[in-house]
Amino acid sequence: MGLPMSDPTAWATAMNNLGMAPMGMTGQPLLPDFDPALGVMTGIPPINPMMPGLGIVPPPIPPDMPAVKEIIHCKSCTLFPPNPHLPPPATRERPPGCKTVFVGGLPENGTEQIIMEVFEQCGEVIAIRKSKKNFCHIRFAEEFMVDKALYLSGYRIRLGSSTDKKDTGRLHVDFAQARDDLYEWECKQRMLAREERHRRRLEEERFRPPSPPPVVHYSDHECSIVADKLKDDTKFLEAIQTLLTWIERGEVNRRTANNFYSMIQSANSHIRRLVNEKAAHEKEMEEAKEKFKLALSGILVQFEQIVAVYHSASKQKAWDHFTKAQRKNISVWCKQAEEIRNIHNDELMGIRREEEMEMSDEEIEDPPEMKETEESALVSQVEALKEENDSLRWQLDAYRNEVELLKQEQGKASRDEDTTKEQQMKLLQQALQGMQKHLLKLQEEYKKREAELEKVKEDKLKVESLLENLKEQQSMADEEDKERDAADGQGNESSTSRVCACSQEKECPAEKTLSNGLVKSEREVLLVGDGQPVMESPGLELESLLSCSIRVLKNHWGIISTFLHVHPFGASIEYICSYLQRLDSKICTAEVEVLMTRLQNTFRQELSGVGASLEKRWKFCGFDGLKMT
């Protein structure tokens, strides 16, 4: 407004036209009897200070400002709010599941009816326990009602219109800890935990895979069905699971052993199908690799051509005709194409390196045959001894299983039979210990024989050198001393004949000693062992006795007799020869059979089986005479 501030009349007229009370600069009203409802300008309503847009609307109430409490009127009493400027009353920590409050500061003349009338407004009251010292405990039906009761803390209560001290008081409401509240809260928590567990169980059952169908019990009919399923590729998994369950249940016995063996054989034949299937998949994978490699190489060729296009475009002949933006785009495209080409090239080179590494691994895994031929005899003998140890260990385990079965079947046998079994067990243990010692001694004997052979070779070389020296001396001798040279030549010839005779006797002492015995060769003595006396001829000399006993009969338990000790039910001639051929590949079946038939007091041949399963078995009978005595 362009009016001068010194003209009070004009200022009052302007404010009057706006419907506002005329006010001076000092804040005094210019017109004391002014009525704002009477505006000078017609058609303009009087202005309200609360109207928006005038900038005189009061600010909103801040959230930190406490709410103004009002006076509460009841039938028998009146509640006056506390001073809003005072801090809120202090409360203790809220117990879990709190439904009970402590109310203090009650008037002395207050009754339970008045307390019920005041706190009934907060919710359903279950119980009131009032004390004589102006306080009480109130228990509500729900927890949220306690918060409403805490709102009354700090109120001043007055009974009726009396101002007596006994009729007035200041309420203090706080949380109270009650056993009933805690018990109900714990029950509620347990119920919620049960509901949660039940809900989780339902979720787990919903997402749990279905349990497999139960496996049927073993019978001949079910066995035939499972055997047919094992031969079918589509039903093999179900059948093999049934077979596994039957074996784990202990359905295998002597009656069903053949059926289970046939089913296991069918499962073994399935391995070939699996191997063929794997080979087919590997072939498909190799074909896919080849296709991928060809496709990748084609992509690399195209990338090379694109990069060549970019490089030719960046030459000066064509580069000068492009704009700056086009040159920038071409250079960016060229970099991107080179990066992608390098990545694909590295990938292709990695595939080729993997193929080369696989080829080198295969070459390393296939050693040349020349290395096998160059292996020393000592290493092969050690491996043979290891295999023999393993076979003896397995045979011992098999024998132990047989002994356990015999003990279970003959549990009610007499004490005499038990003593004989113990003796047999001791004998077998001694035999096994002897075999182990024998194996160790074989290694030592092998080393000694090598040393002896080296010594014999050295002796031969010495003898040959002596012979050559003698021949040279004979040729160099003087013709004048013919008689002396003749005598010296005879002496030299006699000495050489003695040396040769001694060397021949060293090489074959065992052959002379064994030529006059019942057992014809050193090999037969090693095979038979204690079953037959080796030397019965009185014509053997002391030197041959010692050499034969040292070289052949170091261990008093023979190979065949100990082998048949481990197999008390006997063994076929093919089984015995297969075991002996591991030690000496030159042994033949006819030689062993002739030797065993010649020694009837040591080995006995029996027939076992019925019908088509009839079989000849050899048994050891060397201790039968001891058992009879």
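Since this is a predicted model, take the numbers as computed values, not measurements.

Quick look at the packing of helix H5 (residues 220-230) against helix H7 (residues 257-313) now. Packed helix pairs are specified by the crossing angle of their axes together with the interaxial distance, meaning the distance between the axes. Direction vectors running N to C along H5 and H7 enclose 10 degrees, while the axes themselves pass 9 Å from each other. The orientation of H5 relative to H7 falls into the category roughly parallel. The crossing of H5 and H7 is left-handed. Between H5 and H7, the contacting residues are Asp220, Cys223, Val226, Ala227 and Leu230 on the first element and Asn259, Met263, Ser266 and Arg273 on the second. Considering only residue class, the contact of H5 with H7 consists of five nonpolar, two polar and two charged.

Further remarks concern the sheet that holds strand E8 (residues 172-175). The strands that make up a sheet pair up through hydrogen bonds in the backbone, lying either parallel or antiparallel. Judged by pairing direction, the sheet is antiparallel, and its four strands sit side by side in the order E4-E5-E3-E8 without closing on themselves. Taken across any chain shown, the strands that pair with only one partner, and hence form the sheet edges, are strand E4 (125-130) and E8. The sheet shows a mean angle of 20 degrees between the axes of neighbouring strands, direction not considered. Pairing of strand E3 (residues 100-104) with strand E5 (residues 135-140), which is carried by five bridges, proceeds in the antiparallel orientation. Each bridged residue has a counterpart across the sheet, and for glycine 104 the counterpart in E5 is phenylalanine 135.

In this section: H5. If you check which residues of H5 are buried, you get Cys223, Val226, Ala227 and Leu230. End-on, the buried residues of H5 take up no more than an arc of 105 degrees, which puts them together on one face. Those residues of H5 that are exposed and angled more than 90 degrees off the buried face are His221 and Asp228. Buried-residue contacts for H5 involve helix H6 (236-249) and H7.

When the pLDDT values of the protein chain are averaged, the result is 76; 72% of them are 70 or greater. Note on residues 30-61: pLDDT under 50 across the span, and 27 contacts to partners over four residues away in sequence or across chains.

Turning next to a positive patch on the surface. On the surface, Arg190, Arg194, Arg197 and Arg201 cluster together into a positively charged patch. For arginine 190, the location among the structural elements is in helix H4 (residues 179-207).

With that settled, the discussion passes to the nonpolar core. Ranked by internal contacts, the top residues of the largest apolar core, which has 30 residues, are Val103, Phe119, Ile138 and Phe140. The set of elements that each furnish at least two residues to this core consists of strand E2 (77-80), E3, helix H2 (112-119), E4, E5, helix H3 (144-150), strand E6 (156-159) and E8. In terms of nonpolar packing, the next biggest core, distinct from the first, is built from 22 residues, Leu385, Ile573, Tyr579 and Trp618 among them.

Consecutive side chains of a regular strand alternate in pointing toward one face of the sheet and then the other. Taking burial as the measure, the five residues of E3 include four buried ones, the bulk of the element. By the bridge criterion, four bridges tie E3 to E8 in an arrangement that is antiparallel. Counterpart to phenylalanine 102 in the pairing with E8 is aspartate 174.

Read from one edge of the open sheet, four strands run E1-E2-E6-E7, paired in antiparallel fashion. At either end of the open sheet lies a strand with only one pairing partner, and these are strand E1 (72-73) and strand E7 (168-170). Pairing of E2 with E6 involves four bridges; the strand directions are antiparallel. Opposite phenylalanine 80, over in E6, you have arginine 156 as the bridge partner.

Their axes nearest at 11 Å, the elements H6 and H7 cross at an angle of 140 degrees. In this view, H6 runs oblique relative to H7, as classed from their interaxial angle. Every pair of crossing elements has a handedness; the one defined by H6 and H7 is left-handed. On the side of H6, the interface is formed by Phe236, Ile240, Leu243, Trp246 and Ile247, while H7 contributes Phe260, Met263, Ile264, Ala267 and His270.

So, on to the side chain of threonine 256. Along the chain, threonine 256 falls in the loop between H6 and H7. What threonine 256 contacts, discounting residues up to four positions off in sequence, is Tyr218 and Glu251.

Before going further, it helps to examine the pattern of salt bridges. Going through the model one piece at a time under the given rule, you end up with 17 salt bridges. For arginine 341, the salt bridge is made with glutamate 304, and the minimal N-O distance between the two is 3.3 Å. Here the residue arginine 341 occupies a position in helix H9 (residues 324-365), and glutamate 304 occupies one in helix H7, the gap between them amounting to 37 residues. One salt bridge in this structure joins glutamate 445 and arginine 449, with 2.6 Å as the shortest N-O distance. Of this pair, glutamate 445 and arginine 449 are both found in helix H12 (residues 415-476), four residues apart, which corresponds to roughly one turn of the helix. Here the salt bridges do not stand alone but share partners, grouping Lys99, Arg139, Asp181 and Glu184 into one network.

With that settled, consider unusual backbone geometry. Not every positive phi belongs to a glycine, and asparagine 134 is a case in point at roughly 65 degrees. Residue position: asparagine 134 is located in the loop between E4 and E5.

Here we come to the packing of aromatic side chains. Applying the stated criterion across every chain yields a total of seven aromatic pairs. Geometrically, the ring pair formed by tyrosine 151 and tyrosine 155 is tilted, given 6.3 Å between the ring centres and 45 degrees between the ring planes. Connected via pairs of aromatic rings, a cluster forms that spans Tyr218, Trp246 and Phe260.

Now for a nonpolar patch on the surface. Judged by side-chain polarity, Ile247, Val252 and Ile264 come together as a nonpolar surface patch covering roughly 240 Å² of accessible area. Counting through the fold element by element, isoleucine 264 comes out in helix H7. Of the residues examined, isoleucine 264 reaches a relative accessible area of 44% and is grouped as partly exposed.

Parameters and conventions
- Numbering of residues starts from 1 in each chain and follows the order in which that chain's sequence is written.
- This being a predicted model, a pLDDT of at least 70 is required before a residue's local features are given, and a value of 80 or more before pairs of side-chain atoms are given or counted; all residues contribute to the totals for chains, interfaces and linings.
- Note: side-chain values were computed over all heavy atoms of the structure, leaving out hydrogens and water.
- Orientation is described by lines fitted to C-alpha atoms, with helices fitted over the stretch in contact, and by angles between N-to-C directions that extend from 0 to 180 degrees.
- For the purposes of this entry, the term helix denotes a DSSP run of H or I that reaches at least four residues, the term strand denotes a run of E that reaches at least two, and both are numbered from the N terminus.
- Note on angle classes: values under 35 degrees are labelled roughly parallel, values over 145 roughly antiparallel, values of 65 to 115 roughly perpendicular, and the remainder oblique.
- For any pair of crossing helices, the crossing counts as left-handed if the nearer helix is rotated counterclockwise from the farther one by less than a right angle, and right-handed if it is rotated clockwise.
- Two residues form a contact once any of their heavy atoms are found within 4.5 Å.
- Here the term charged refers only to Asp, Glu, Lys and Arg, the term nonpolar to Ala, Val, Leu, Ile, Met, Phe, Trp, Tyr, Cys and Pro, and the term polar to all other amino acids, Gly among them.
- Each pair of strands is called paired provided DSSP finds at least two bridges between the two strands.
- Note on classification: 1.4 Å probe, protein chains only; a residue is buried when its accessible area is under 20% of the maximum for its type, exposed when over 50%, partly exposed between these limits.
- To be clear, the arc concerns the directions from the helix axis to the C-beta atoms.
- One number per residue, pLDDT, summarises how confident the predictor is, and it ranges from 0 to 100.
- Patch membership is restricted to residues that have no salt bridge and whose relative accessible area is over 30%. Joining uses 9 Å for like charges and 5 Å for the nonpolar side chains Val, Leu, Ile, Met, Phe, Trp and Tyr.
- Here the open area of atoms and residues is found with the Shrake-Rupley method and a 1.4 Å probe, where only the protein chains shown may cover a residue.
- Within this document, salt bridges are pairs made up of a side-chain nitrogen of Lys or Arg and a carboxyl oxygen of Asp or Glu, the two lying within 4 Å of each other.
- As used throughout, the charge tally considers Lys and Arg to be positive and Asp and Glu to be negative, leaving His and the chain termini uncounted.
- One atom stands in for each charge, and that atom is NZ of Lys, CZ of Arg, CG of Asp or CD of Glu.
- Throughout this description, the term nonpolar core refers to a set of buried Ala, Val, Leu, Ile, Met, Phe, Trp, Tyr and Cys residues connected via side-chain atoms within 4.5 Å.
- When two rings of Phe, Tyr or Trp (its six-membered ring) have centres within 6.5 Å they constitute a pair, described as stacked for plane angles under 30 degrees, edge-to-face for angles over 60, and tilted for the intermediate range.

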